[in-house]
Amino acid sequence: MADYDLNKGFSQPGDPEFPPVEEVAVVETKVIEAELDDFANIVQEKFEEAREYRREYEQHWEEAYDAYRGKYPSAISKANELANERGIFVNQTRRKINSAKIKINTLLFEDGKVPFSITPSRKPKYYPPDIQAPPDRPDLLEDALLERSKQMEYKIRDVLDRTSYNDQVQHSIHEMCLYGTGCTKAINLEYKNFPVYQTVQTADDMLAVESVLEAELVPSVKYVSIWNIFPSPEATSSEDADYIIQRSFLSKIQLRELAKAAEGFIPGAIEEVIENDIGLSQGYDTSEHPKKFDESTAHRLKKFEVLEFWGSLDGKDLEAHIPIESADMPTSIPIVITVIGDKVVKISENPFDDTIPFHFCNWQKNPETIWGDGIYYAIRDAQAILNFSYAMMVEGKSLSAAPLTVIDPNAFEPGTDTEQIYPGKQFRVKPGASVRDSFQSVQIPDVTNGLLQIVQQLEREADLDSGQTSIGYGDMSPAQTKTATGMSILNSNANRQTADVVRSVSSMITKNIQAIYRWLMVDSTDITIKGDYEAISTGYEQYVAKEVHNTQLINFLQVIGQFPQLQSYLKYEAFSRPLLRAFNLEPDKVLKTEQQVTQEMQQQTQSQQQQMQQQAQAEQQAQMQQLQAQMQMQQANIQLQSQSSIEQENNKATLDEKQSIGEDQRKMELQERLELMKQGNVLHPTNLENTSVLLREQMEKEQAAQAEQEMMRQQQEAAAMEQQAQQQQQQQMQGPPQGMPPQGPPQQGGGQMPPQLQEQLAQQEQAAMQRMQGGPEAGQIRRQQLEENAPG
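Below you will find a few notes about this structure. (Residues numbered from 1 in each chain as written. Predicted model: local features only at pLDDT ≥ 70, side-chain atom pairs only at ≥ 80, totals over all residues. Heavy atoms only, no water.)

## Concerning the overall build of the chain
In terms of regular secondary structure, the chain is built from 24 helices and 14 strands. The buried share among the 792 residues of the chain stands at 33%. A separation of at least 24 residues holds for 75% of the contacts in the chain among residues at least 6 apart in sequence. Element-wise, carbon and sulfur atoms account for 52% of the exposed surface of the chain, whose accessible area totals about 49800 Å². (Helix = DSSP H or I, 4+ residues; strand = E, 2+ residues; numbered from the N terminus. Buried < 20%, exposed > 50% of the residue type's maximum accessible area, 1.4 Å probe, protein only. Contact = heavy atoms within 4.5 Å. Areas by Shrake-Rupley, 256 points an atom, 1.4 Å probe, with all protein chains shown as cover.)

Given below as structure tokens:
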């Protein structure tokens, strides 16, 4: 693994955070002059001291690992004996740990992004000299600093994405939930390769670019297993530790690659280690990961044990190795030493300003130690008793499911196997022996129902001890409420219990981001990202704070909207930017410039004017259409009135004409009657209907209606007669009933109809034909009436 060498990371001499390059070089020269192998012995002594102090916690970690893998602990208790014999292990530990990981990942990495923000300091120590802003516009300076902080944030996010930071944090969270402590190392320096694959068509300039950009030094954050971290005894945090030793096992290939890729290694030291097999691990050590227990030393490829020492050594420890007089010897020197066995392969002063680059997070923090307690440590008793309860249930069910058998061996024939029973087996009994007396089954009652209550109580205790309720991983428990409100309350309470864990993980992420930020501030050549910023992880609590801030900001806008007199005192340009930032929006991408606002206002004014003109034109057109419609209505009324007047005149003329005709006829009839009276003829009653055209037309209409009614009546009678005839014909075809003489109408003349009936039918048919032809004409009827009224 690549770390800082002596001269790495000091591109700006004189920086207040780091010592000058000249002073570091002097210290390195003095250190190299000493006997390096003696430093290896010091590191080995510190390592043995830290490993011995950690023994107690390693036992708990090993039990937690076995429980997660579904294995029983090495020290079997009474509660685990029966479950171990039966091979029953209800893995409550794995369920709780997976639930906790999902919940923490949901709270921290909901959108897949690392939860952190880079913001300018409230009181910056310095301002970038290339930023210019008018004195009366401090908001422009704040926006410029904010823009640079955004660029720094983008740069850090790009580094995190390229180095797979999310995966590293996930490993740390897993160990935190299982063992109680997770660890990351920030920062490591690694080279990222940008290859340009050489083909036949690859240009020479592309190969030149590849030679320049083939490898870039990138800061990264790496996950380190707590099995390979050995802090100084009695340390409560990385800041409180005097030193921290990182152990790793490497193969020969990895050692050679490390010597080529990393800088600052002593020339020829690694080659000497490989040739002489220095630092080979022997056997299995309890301080190693339990996975190594199943791997024998002969099959292990990574045999070289590498110790990387970060911390301060006492001046008295270095007095015999550094040629400095006792009066000038410093009390402590921050130093980084890489040791393989008794060989020092790398030594330099700590480039992080006496800061140890190991950061921890805890599930349940112990104030007296750097190590925390995990989920298994909290539920270990419930896990053991739960296995015992399930084993007892299986034992009881197996005893009650298969009945016991009682056999009298004297009742069977000699040689009969009475030890084994299987379906279809035959037994030979002695003559005269009773089968019921020689063979009998005994059923043991099932008494395991009471264990269900114990199991439910144990599951509830595991929920309370771990802080992971059943609803958190999509399960239901008997003690859980069935209502939506109750489940929401349980889930909220579980999130509150996890808030301390999220705060611890957020603190670790903050330290990781700050380490990358400091490295970019010192070694990056990009001026646009430089500035005095604060790198803070926005975890669960920060998210809640942001929600509160957004709510307050919205309430403030509502209050300002109710008081228009206050709006004139606000600078909307300076007020809109923090409003957008409160909703995680970038002002430059969302907020419009003054020119855009002016252009849009002008366009809006023009569009309003065009709309007003169009509206006026539309109103004029509507008025013209209304006038045209009114004129058309007037013309239509005039036409209707003229048509109605013409019809009235026509009707009046027709009526007058008919009245005149009727008067002329009456006058002629009067003259005719007077002449007849002079001659002495007898007068018959006059027929006034013939003298009046109107009366005659009315009579004609009445006669036509009567004729139509008469025709309908005759049609109905004819249909009834025809139906009656059909019925009689059917009766004749069927014949009279048995025992009764045939009945029918009297027959005359060989079955012919009477003459009267024939004459009546003929008259009816003639009248019907006349009515169908329209009846007699009016002149014919008039002549007939005149003939009837004429004197005989």
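From this point, the discussion proceeds with the structure in view.
## Quick word on the side chain of Thr163
For Thr163, the position within the fold is in the loop between helix H6 (138–162) and helix H7 (165–179). Judged by its relative accessible area of 5%, Thr163 falls in the buried class. Here Val159 takes part through its backbone oxygen, which lies 2.7 Å from a polar atom of the side chain of Thr163. The residues contacting Thr163, other than those within four sequence positions of it, are Glu190, Lys192, Val218, Pro219 and Ser220. (Polar contact = N/O pair within 3.5 Å; in protein donor to acceptor, adjacent residues only side chain to side chain.)

## Quick notes on the packing of aromatic side chains
Taken as a whole and assessed by the stated rule, the structure comprises 11 aromatic pairs. A centroid spacing of 5.4 Å and a plane angle of 25° characterise the contact between Tyr243 and Phe309, whose relative ring orientation is stacked. Taken together, the residues span a long stretch of sequence, with Tyr243 in strand S5 (residues 243–250) and Phe309 in strand S6 (residues 304–314) at a distance of 66 residues. Using a relative accessible area of 4% as the deciding quantity, one classes Tyr243 as buried. When the ring of Phe360 is compared with that of Trp371, the centres are 6.4 Å apart and the planes differ by 85°; the resulting orientation is edge-to-face. Of the two residues, Phe360 is situated in strand S9 (residues 358–362) and Trp371 in the loop between strand S10 (364–365) and strand S11 (372–373); the sequence distance between them amounts to 11 residues. Note on accessibility: Phe360 and Trp371 belong to one class, buried. Here the aromatic residues Trp61, Tyr179, Trp227, Phe360 and Trp371 are joined through ring pairs into a cluster of three or more. Directly above the ring of Phe265 sits Lys346, whose terminal nitrogen or CZ lies 5.2 Å from the centroid. In this structure, Arg380 packs its charged tip against the face of Tyr377, placed 4.0 Å from the ring centre. (Phe/Tyr/Trp six-rings, centres within 6.5 Å; stacked < 30°, edge-to-face > 60°. Lys NZ or Arg CZ within 6 Å of the ring centre and 35° of its normal.)

## Digging into the nonpolar core
Met152, Ile156, Met176 and Cys177 are the most contacted members of the largest nonpolar core, which totals 78 residues. When residues in this core are grouped by element, the largest group, 12 residues, is from helix H15 (residues 484–523). If we skip the residues at most four places from it in the chain, Met176 touches Ile104, Thr181, Gly182, Cys361, Asn362, Trp363, Gly374, Val501 and Val505. If you look at the next biggest cluster of nonpolar residues, it comprises 18 residues, including Ala50, Tyr243, Val339 and Ile347. (Core = buried A, V, L, I, M, F, W, Y, C linked by side-chain atoms within 4.5 Å.)

## Considerations on the pattern of salt bridges
Evaluation of the coordinates by the stated rule reveals 17 salt bridges. Among the ionic pairs, Glu52 bridges to Arg55, the shortest N-O distance being 3.7 Å. Take Glu52: its relative accessible area is 53%, and that puts it in the exposed class. Here Arg55 falls in the partly exposed class, since its relative accessible area comes to 29%. Where Lys511 meets Glu239, a salt bridge forms, and the shortest distance between an N and an O atom there is 3.2 Å. Residue Lys511 is located in helix H15, and its partner Glu239 is located in the loop between strand S4 (229–231) and S5; the two are separated by 272 residues in the primary sequence. The class of Glu239 is exposed, set by a relative accessible area of 57%. (Salt bridge = Lys/Arg side-chain N within 4 Å of Asp/Glu carboxyl O.)

## Some words on the environment of Arg55
Take Arg55: it is sitting in helix H3 (residues 55–68). For the pair formed by Arg55 and Thr286, sequence separation is 231 residues and the distance between their alpha carbons is 8.2 Å. Setting aside chain neighbours within four positions, we find Arg55 in contact with Asp285, Thr286 and Ser287.

## Focus: the sheet that holds strand S7 (residues 332–340)
The sheet built from 5 strands is open, its strands ordered S4-S5-S6-S7-S8 with antiparallel pairing. Where the open sheet ends on each side, the last strands, each with one partner, are S4 and strand S8 (343–349). Each adjacent strand pair in this sheet contributes to an overall mean axis angle of 20°, direction not counted. With 9 bridges connecting them, S6 and S7 associate as antiparallel partners. Within S7, the position partnered with Val306 by the bridge is Ile340. (Pairing = 2+ DSSP bridges. Axes fitted to C-alpha atoms, helices over the stretch in contact; angles between N-to-C directions.)

## Topic: the environment of Leu404
With respect to the helices, strands and loops of the structure, Leu404 is situated in strand S12 (residues 404–407). On the accessibility criterion, Leu404 (42% relative accessible area) is partly exposed. Here the alpha-carbon distance between Leu404 and Gln440, two residues 36 residues apart in the chain, equals 8.5 Å. What Leu404 contacts, discounting residues up to four positions off in sequence, is Gln440, Ser441, Val442 and Ile444.

In short, shape yes, function no, at least from these values alone.
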